[in-house]
Amino acid sequence: QEKKSPQTKQTSSPAGRRGSRKGNVSPGRPRSAGEGEAGRPRGRRGGGARLTGAAREGRAGARGRAMGAEAGGPRDPAPGQRLRALFYALPPGESSFRTLEEVPDYVEKSIPFFITFIGLEFAVSWIQKRKLPGRINDGISSLSLGILSRLPDVLFRSIELISYIYVWNNYRLFELPWDSPWTWYLTLLGVDFAYYCFHRMSHEVNILWAAHQVHHSSEDYNLFTALRQSVVQKYTSWMFNLPMAFFIPPSVFAVHLQFNLLYQFWIHTEVITKLGPLEWILNTPSHHRVHHGRNPYCIDKNYGGTLIIWDRIFGTFEAEDAKVVYGLTHPVNSFDPIMLQLRPLAHIWNTFWATPGFCNKLSVIFKGPGWGPGKPRLGLPEEIPVITGKEVPFNPHVPAYLNCYALVHFAVIVDLYTELLASLSTLSQGTVLLRIGFIILSLVSFGLLMENKSKAGILEIIRCLVFVGVYKLGYFRSQFSFLDYAYEV
């Protein structure tokens with residue numbers, strides 16, 4: 001249970017591992033209820049009897065956070081705070097925490113808003129253009145990749161936090177105050193600049209691009225695309241954040257790591273055009289559409305996460321101009337999540353052994369994805385395929401009933417996945433591994449069905465038989481017991 005808990009302990013005792021140094025963080029179990037008082041943030045009494053809406057929300061959020069502290073777990077943000085976290089709109093006074101264990105899981109708390117905004121995007125797109133913003137097969141593929149990317153977190157702690165805590169505990173130079181607004185804003189800039197550096201390297205270093213390209217493989221651009229993530233990317237991004245661990249407390253870093261990720265959800269849409277003067281400072285849907293384009297003018301542009309100022313400073317900014325065509329310059333043409341994750345790595349492997357010369361072999365790994373012997377580090381711009389405007393997304397024809405079938409069964413898997421997360425601490429390691437294996441099998445089967453592969457039906461029959469067996473034996477459970485019989489049918 002210790003290993004599975006996403007929270008870690010940051011002590012407030014003046015006696016740490018290094019004697020007089022304060023604020024060391026331990027990956028041990030959360031504090032007991034009696035230890036929660038030390039982590040309660042300071043506040044001020046209000047003098048008025050009447051509260052505004054914002055004040056009521058703040059007081060409600062404070063009550064929820066206090067309850068979380070008393071229980072020895074993360075604070076519980078109010079619904080309005082969860083919504084504002086999506087837009088990086090929570091000020092320091094509402095999102096500063098003394099200890100890492102008090103930091104809410106803003107990403108998990110935002111899931112209802114993800115679903116709501118996706119529904120709104122469909123409605124607005126239908127009103128504006130009389131068409132939906134995406135396709136069933138591509139949407140299921142994006143969600144499958146999102147689920148797949150989160151499965152390692154079921155078994156292991158976040159490497160981003162583990163590495164950060166290790167550097168903080170052993171090598172920090174000094175400690176900025178956790179409750180200072182200056183620390184909060186400095187961390188905002190630090191996390192976003194680290195993301196810019198990592199994101200740029202992910203496009204300019206072939207082995208990093210092999211992981212990151214999963215996010216760019218969709219030929220649609222909608223809120224589903226934001227959830228399309230790589231399994232292995234997190235194991236390369238952590239090192240870019242480590243310089244902050246020399247002086248920024250882990251509790252502050254953990255908040256901004258989530259805010260930076262959440263902000264990038266809502267910018268994956270075509271229903272928002274321009275945002276006026278904000279376009280000069282913030283990363284917006286318009287700027288990020290350019291980043292996802294395969295038009296020659298879009299390649300390797302607009303790497304910012306929350307802020308676009310880094311691209312303007314370092315010369316990688318490009319404004320939206322001609323109509324953007326989305327996806328990879330050489331599309332993968334698959335909805336199989338395992339294929340989308342591993343095919344680029346297989347391509348690097350084959351190219352590595354086919355390329356003569358030791359230095360050239362290293363260049364295959366560490367230079368750009370367009371590099372070849374005799375070419376510049378990032379390849380030749382003229383080799384980027386020309387966009388004609390007649391590009392047709394990969395969209396195999398399948399019967400309507402098959403799309404409905406895949407959609408219904410995918411909803412069942414989402415239910416089982418969320419139930420796994422909710423009951424993780426009560427399950428044996430074997431049961432967890434069994435459920436993860438079945439979820440992966442299901443996601444692959446759905447991808448092959450939507451590609452209309454000849455052997456997909458056989459795999460799906462096997463999957464359904466396995467499901468009925470393990471469901472009958474009690475290794476799977478729905479969050480909704482009244483659906484048990486329906487699931488077996």
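Residues numbered from 1 in each chain as written. Predicted model: local features only at pLDDT ≥ 70, side-chain atom pairs only at ≥ 80, totals over all residues. Heavy atoms only, no water.

(A) Main features of a nonpolar patch on the surface. On the surface, I207, I338, L342, L345, F358, L362 and F366 cluster together into a nonpolar patch covering about 630 Å² of accessible area. Looking at the nonpolar patch, the elements with two or more residues in it are α14 (337-354) and α15 (358-366). Take I338: it is sitting in helix α14. For I338, a relative accessible area of 31% translates into the label partly exposed. (Patch = residues over 30% accessible without salt bridge, like charges linked within 9 Å, V, L, I, M, F, W, Y side chains within 5 Å. Areas by Shrake-Rupley, 256 points an atom, 1.4 Å probe, with all protein chains shown as cover. Salt bridge = Lys/Arg side-chain N within 4 Å of Asp/Glu carboxyl O. Helix = DSSP H or I, 4+ residues; strand = E, 2+ residues; numbered from the N terminus. Buried < 20%, exposed > 50% of the residue type's maximum accessible area, 1.4 Å probe, protein only.)

(B) Geometry of the nonpolar core. Counting 44 residues, the largest nonpolar core has L86, Y106, M244, F259, L262 and F265 as the members making the most contacts within it. Sort the elements by how many residues they give to this core and helix α11 (residues 250-266) lands first, with nine residues. When residues no more than four places from it in sequence are discounted, the contact partners of L86 are S110, F113, F114, F117, L262, Y263, F265 and W266. Formed by 29 residues, the second largest nonpolar core is a distinct cluster that contains V231, A406, F438 and L443. (Core = buried A, V, L, I, M, F, W, Y, C linked by side-chain atoms within 4.5 Å. Contact = heavy atoms within 4.5 Å.)

(C) Seen up close, the packing of aromatic side chains. Tallying each qualifying case throughout the model produces 27 aromatic pairs. Measuring from centroid to centroid gives 5.1 Å for F335 and F394, while their planes differ by 40 degrees, and the two rings are tilted. Of this pair, F335 sits in the loop between α13 (309-314) and α14 while F394 is found in the loop between α15 and α16 (400-422), placing the two residues 59 residues apart along the sequence. Assessed through its relative accessible area of 3%, F335 is described here as buried. On the basis of relative accessibility, which here comes to 21%, the residue F394 falls in the partly exposed class. Centre to centre, the rings of F352 and W353 are 5.1 Å apart; their planes meet at 90 degrees, and the pair counts as edge-to-face. A residue is classified by how much of its surface remains accessible, and W353, at 54% relative accessible area, is exposed. Aromatic rings pair up to connect Y88, Y106, W184, Y185 and F259 into one cluster. For R172, the ring lying beneath its charged end belongs to W168, and the centroid distance is 4.4 Å. (Phe/Tyr/Trp six-rings, centres within 6.5 Å; stacked < 30°, edge-to-face > 60°. Lys NZ or Arg CZ within 6 Å of the ring centre and 35° of its normal.)

(D) Structural context of the environment of R84. In this structure, R84 sits in helix α2 (residues 79-85). On the basis of relative accessibility, which here comes to 23%, the residue R84 falls in the partly exposed class. Counting along the chain gives 26 residues from R84 to S110, while the straight-line C-alpha distance between them is 9.8 Å.

(E) Spatial organisation of the packing of α16 against helix α18 (residues 456-472). The geometry of α16 relative to α18 is characterised by a closest axis approach of 14 Å and an angle of 40 degrees between their N-to-C directions. Considering only the axes of α16 and α18, their crossing is left-handed. Listed contacts from α18 to Y405, H409, I413 and L416 of α16 are E460, R463, C464 and F467. Here the residues of the contact of α16 with α18 are counted per class, giving five nonpolar, one polar and two charged. (Axes fitted to C-alpha atoms, helices over the stretch in contact; angles between N-to-C directions. Left-handed = near helix turned anticlockwise from the far one by under 90°. Nonpolar A, V, L, I, M, F, W, Y, C, P; charged D, E, K, R; others polar.)

(F) Broad picture of the side chain of S334. When you line up the elements, S334 lands in the loop between α13 and α14. A polar contact of 2.8 Å, which involves the side chain of S334, links it to the side chain of E451. Filtering out sequence-adjacent residues up to four positions away, S334 remains in contact with M339, L340, F394 and E451. (Polar contact = N/O pair within 3.5 Å; in protein donor to acceptor, adjacent residues only side chain to side chain.)

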